[in-house]
Amino acid sequence: MTRLIQILSILATLVVIYMSLRPSFSTGGTPHVDKVLHLFSYGVLAGLTRLGWPRLWGGWVVVGFISLGIVLEFAQHFMGLGRTGSVADAIANALGVLLAVILFHLIRKRLLS
């Protein structure tokens with residue numbers, strides 16, 4: 001089961017990278033709903049990584065995925081193709097990571113006590 005979660009974690013990370021760097025297509029839609037998508041996506045990345053590698057220190061997961069989110073926002077800013085980097089998106093990414101890692105820690109602590 002752990003191997004499957006590790007594979008899902010890697011695949012999810014690749015999907016987020018691809019979706020972040022592909023050309024943008026305007027869909028209209030509700031303003032700021034993308035922030036929820038950012039929060040959820042990065043929360044899933046962090047959660048899958050913590051589940052797949054439970055002995056990995058949570059701080060590395062936080063630093064790694066927050067850094068990935070920042071790098072991708074910079075890439076969007078400079079690449080054009082209808083994409084723009086956003087500080088608000090980077091904050092939503094970071095909040096998703098932090099919430100997932102904290103939740104994992106609390107659940108794990110409760111299960112081990």
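Analysis parameters
Residues numbered from 1 in each chain as written. Predicted model: local features only at pLDDT ≥ 70, side-chain atom pairs only at ≥ 80, totals over all residues. Heavy atoms only, no water. Helix = DSSP H or I, 4+ residues; strand = E, 2+ residues; numbered from the N terminus. Buried < 20%, exposed > 50% of the residue type's maximum accessible area, 1.4 Å probe, protein only. Contact = heavy atoms within 4.5 Å. Areas by Shrake-Rupley, 256 points an atom, 1.4 Å probe, with all protein chains shown as cover. Axes fitted to C-alpha atoms, helices over the stretch in contact; angles between N-to-C directions. Parallel < 35°, antiparallel > 145°, perpendicular 65-115°, else oblique. Left-handed = near helix turned anticlockwise from the far one by under 90°. Nonpolar A, V, L, I, M, F, W, Y, C, P; charged D, E, K, R; others polar. Salt bridge = Lys/Arg side-chain N within 4 Å of Asp/Glu carboxyl O. Core = buried A, V, L, I, M, F, W, Y, C linked by side-chain atoms within 4.5 Å. Phe/Tyr/Trp six-rings, centres within 6.5 Å; stacked < 30°, edge-to-face > 60°.

A. Local environment of the overall build of the protein. Counting its regular elements, the protein contains four helices and zero strands. Listing every helix and strand of the protein by position from the N terminus yields α-α-α-α. Overall size of the protein, expressed as C-alpha extent along the three principal axes, is 50 × 25 × 25 Å. Out of the 113 residues belonging to the protein, those deemed buried represent 35%. Counting only contacts in the protein whose residues sit at least 6 apart along the sequence, the fraction spanning at least 24 positions is 78%. Split by element, the accessible area of the protein, about 7,600 Å² in all, is 75% carbon and sulfur.

B. Seen up close, the packing of helix α2 (residues 33–52) against helix α4 (residues 87–112). One way to put it is that α2 packs onto α4 with a least axis distance of 7 Å and a crossing angle of 40 degrees. In terms of orientation, α2 lies oblique with respect to α4. With respect to the hand of their crossing, α2 and α4 are arranged in right-handed fashion. Between α2, through Asp-34, Lys-35, His-38, Leu-39, Tyr-42, Gly-43, Ala-46, Gly-47, Arg-50 and Leu-51, and α4, the contact on the second element is made entirely by Ala-88, Asp-89, Ala-92, Asn-93, Leu-95, Gly-96, Val-97, Leu-99, Ala-100, Val-101, Phe-104 and Arg-108. For the contact of α2 with α4, a count of residues per class yields twelve nonpolar, five polar and five charged.

C. Representation of the pattern of salt bridges within the structure. Taken as a whole and assessed by the stated rule, the structure comprises two salt bridges. Asp-34 is the salt-bridge partner of Lys-35, the closest N and O atoms lying 3.0 Å from each other. A salt bridge links Asp-89 to Lys-35; its shortest N-O distance comes to 2.7 Å. With Asp-89 in helix α4 and Lys-35 in helix α2, this pair connects stretches of sequence that are 54 residues apart. Since its relative accessible area comes to 6%, Asp-89 is described here as buried. A network of salt bridges, in which partner residues are shared, links Asp-34, Lys-35 and Asp-89.

D. Focus on the nonpolar core. Counting residues in hydrophobic clusters, the biggest one holds 15 residues, and the most contacted among them are Tyr-42, Leu-45, Ala-46, Phe-65, Val-97 and Val-101. Of all the elements in the fold, those that place two or more residues in this core are α1 (2–21), α2, α3 (58–79) and α4. Looking at which element gives the most residues to this core, the answer is α3, with five residues. If we ignore the near neighbours within four places in the chain, the residues touching Phe-65 are Thr-13, Tyr-42, Leu-45, Ala-46, Thr-49 and Val-97.

E. View of the packing of aromatic side chains. By the definition in use, this model includes one aromatic pair. Seen from their ring centres, Trp-57 and Trp-60 are 5.8 Å apart, and the 85 degrees between their planes marks the pair as edge-to-face. Exposure class is identical for Trp-57 and Trp-60. Each is exposed.

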